[in-house]
Structures are given as C-alpha cells and as structure tokens.
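Letter by letter, the chains look like this.
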Amino acid sequence: MRVAAGRRGGSVALVGAGPGDPGLMTVRGLELLRRADVVVYDRLVDPRLLDEAPRARRIFAGKATGHHTLSQERINALLVVHARRGRRVVRLKGGDPFVFGRGGEEALALAQARIPFEVVPGVSSAVAVPAYAGIPLTHRGTASSFAVVTGHEDTDKLRSNVDWARLARAADTLVVLMGLKSLPRIARTLVANGRPASTPVALVRWGTTDVQETVTGTLGDIAARAQRARLEPPVVAVIGDVVALRERLAWFAEGRFLKEIAQ
Ligand SMILES: C[S@@+](CC[C@H](N)C(=O)[O-])C[C@H]1O[C@@H](n2cnc3c(N)ncnc32)[C@H](O)[C@@H]1O
C-alpha cells in the first residue's frame, strides 16, 4: 500500500535514479517523476531523466566530491517546505537512495516532520557498474559473497568505519564506492592483511554511461595504474577473482561517445 498524501496533498518520494543509464530507472520512479511538482536532484543523475518532468520545478542539490551545493540540512528542509506547501516532491538520487546516498537521513527528517513519504529503490552502482563492466559479483566456484563498502574518509560526512583489516578476508568480492582517493591505502591494507597482491582489481568510471571506462590491475599495482590513467571519480572499484571473468564477459562497448566524436 502506498502512503497517503498529507493534509494539503503534499508528499515526498525518495527515488533511486539508477547509476547513469536512464534505462535503469524503475517504472515506479518514472511514474512519480512524470507527475512531480518539484524535483530535487543530485549530480550523478542523468539530465535526460529530468526531461520526464517538464512541468516540475527543478532544484539542483549538488554534491560533487569535496563540495556540496546545498548542505544536507538545507536539502532536508527544502523537502519538508515544498511538501508542506502541498507539492508532490521527488527527491531524485543516484543509484539507490539507501545505499550511501544519505537517503536515510532525508527519510528521518520527513518522518520527524510528519510528511508522508515513500522510498523507491534504485539500481545501485554497486551492482550495476560491475555488471556493465562484465564482472559478476558472485560466481560459482569463484565467489560466494560480496561486500559493498565506502572508501570515503571524510569524517564529518560518510564516516568511514570500515575495518579494512577484517574485511580483507571477510568477503570474496569487495565493491568499493567513493574509494579512488584512498585506493593506495586500501590496497596496501588488504595486502597486509592476507589478500594476495595478485588479486585482480577493476576500477570502473562513469559505469553504464557512454563514457564508461575501466582500468584493471592487481592489488599490487592498481594504485599506480589509476594514477597513470589519470582516473577521476565517480569510480566503482571491484576487488576479487571475479574481475578476471571480464576478459570473457565484457559486453558493453566502452568509450562509445569518445569514439563517435572522434569520427
Ligand atoms: C554518494 S555515493 C552514492 C551511491 C548511490 N546511492 C548508489 O546506490 O549507486 C557516490 C559514489 O557511487 C559510485 N557511483 C555512482 N554512480 C556511478 C557510476 N555511474 N560509475 C561509477 N561509479 C559510480 C561512485 O563510487 C561515487 O563516488
């Protein structure tokens, strides 16, 4: 059952926009977007999705690494204010709203303000980006578990409480979001705690989009390779033996956009 609208008809939907490819948006998310009065969206949301809400007021909430266009408190307040004015608000977030998206904080603010809300899960980059790079996170005989962790170190934002030493052996495949900056330290710690330096690693930038690119290596050399490739965020790192399957399973044509403009 869906939530009822508020006294004046206002409500908020926390909608996962998927990782990039607009085709990965859910049917429910699209339905809500099409009838939204206000859309508050993040940096990683594909602009083509906003075209689905032509009459809605669009508010960019930002969030690039290191600087926020709007503080989290202001975003929360914005959602509450618009809903209280009777508007149907869509909070459009990259990937899944409850996977490192601070969607939980926004939902708590709405609950506290007694604003009716719903959460529409999205396809998280944690699973979609490896899939577009031809990497199954689990594979019979190779990996029967995976863990999704943040590599973010900024203590006043997504505090990194990750116990990398323990994690080194805890899951067969590790998927690291926001880990590019900390990659040298992460790789060193994993190796120091028993993960072989020869473990395959893939770094996938702008996965599922026309500019997707992948840098591969091993725990021993991936930091140097990333630096040589001048890789920038957003990147999903996949660490584990499943990465080797990419040689046979890479199905998505990477750098399509770059090839097209070079013609
Ligand atoms: C703040 S987190 C949000 C994650 C999001 N809620 C999700 O479920 O995908 C942002 C990080 O997700 C990863 N990310 C999101 N979209 C990506 C993409 N298309 N390609 C590579 N990494 C992506 C990157 O690690 C980026 O730094």
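What you are looking at is a predicted structure, and each value in this text was computed from that prediction instead of being measured. (Residues numbered from 1 in each chain as written. Predicted model: local features only at pLDDT ≥ 70, side-chain atom pairs only at ≥ 80, totals over all residues. Heavy atoms only, no water.)

Student: How should the site of the ligand be read in this particular structure?
Tutor: Lining the immediate environment of the ligand, one finds 18 residues, of which P19, V99, S124, S125 and V235 sit closest. The side chain of S124 places a nitrogen or oxygen atom 2.8 Å from an oxygen atom of the ligand. M178 is positioned such that a nitrogen or oxygen atom in its backbone is 2.8 Å from an oxygen atom of the ligand. Taken by itself the ligand offers 570 Å² of open surface, and the protein chains cover 89% of this. Elements that contribute at least two residues to the shell around the ligand include exactly α5 (125-132) and β10 (235-239). Its residues assigned to classes, the shell around the ligand comprises twelve nonpolar, five polar and one charged. Each of domain 1 (11-123) and domain 2 (126-249) contributes no fewer than three residues to the shell around the ligand. (Near = heavy atom within 4 Å. Polar contact = N/O pair within 3.5 Å; in protein donor to acceptor, adjacent residues only side chain to side chain. Areas by Shrake-Rupley, 256 points an atom, 1.4 Å probe, with all protein chains shown as cover. Helix = DSSP H or I, 4+ residues; strand = E, 2+ residues; numbered from the N terminus. Nonpolar A, V, L, I, M, F, W, Y, C, P; charged D, E, K, R; others polar. Domains from an automatic or database assignment.)

Student: Would you explain the sheet that holds strand β6 (residues 146-150) in this entry?
Tutor: In a beta sheet, neighbouring strands pair by backbone hydrogen bonds and run either parallel or antiparallel. In spatial order, the strands read β6-β7-β10-β8-β9; together these five strands make up an open sheet with mixed pairing. Unpaired on one side and paired on the other, β6 and β9 (213-218) mark the two borders of the sheet. Across the sheet, the mean angle separating the axes of adjacent strands is 20° when strand polarity is ignored. Here five bridges tie β6 to strand β7 (residues 173-177), and the two strands are oriented parallel to one another. Within the sheet, the bridge partner assigned to F146 lies in β7 and is T173. On the sheet, α5 packs against β6, β7, β8 (200-205) and β10 and is oriented at approximately 75° with respect to β10. (Pairing = 2+ DSSP bridges. Axes fitted to C-alpha atoms, helices over the stretch in contact; angles between N-to-C directions. Contact = heavy atoms within 4.5 Å.)

Student: Would you explain helix α1 (residues 27-34) in this entry?
Tutor: Because an α-helix completes one turn every 3.6 residues, residues spaced three or four positions apart along the sequence face the same direction. Where α1 is concerned, the buried positions are R28, G29, L32 and L33. Around the axis of α1, the buried residues are gathered within 135° of arc, so they sit on the same side. (Buried < 20%, exposed > 50% of the residue type's maximum accessible area, 1.4 Å probe, protein only. Arc of directions from axis to C-beta.)

Student: In this structure, what is going on with unusual backbone geometry? I would like to understand it.
Tutor: Both trends apply: most residues other than glycine have a negative phi, and most peptide bonds are in trans. Here the amide bond leading from P233 into P234 is cis, since omega sits at 5°, within 30 degrees of zero. Within the secondary structure, P234 sits in the loop between α8 (222-228) and β10. At F100, a residue that is not glycine, the phi angle is positive and equals roughly 45°. Mapped onto the fold, F100 is located in the loop between β4 (88-93) and α4 (103-112). With phi around 55°, R114 is a residue other than glycine that occupies positive phi space. Of note, R114 is situated in the loop between α4 and β5 (117-120).

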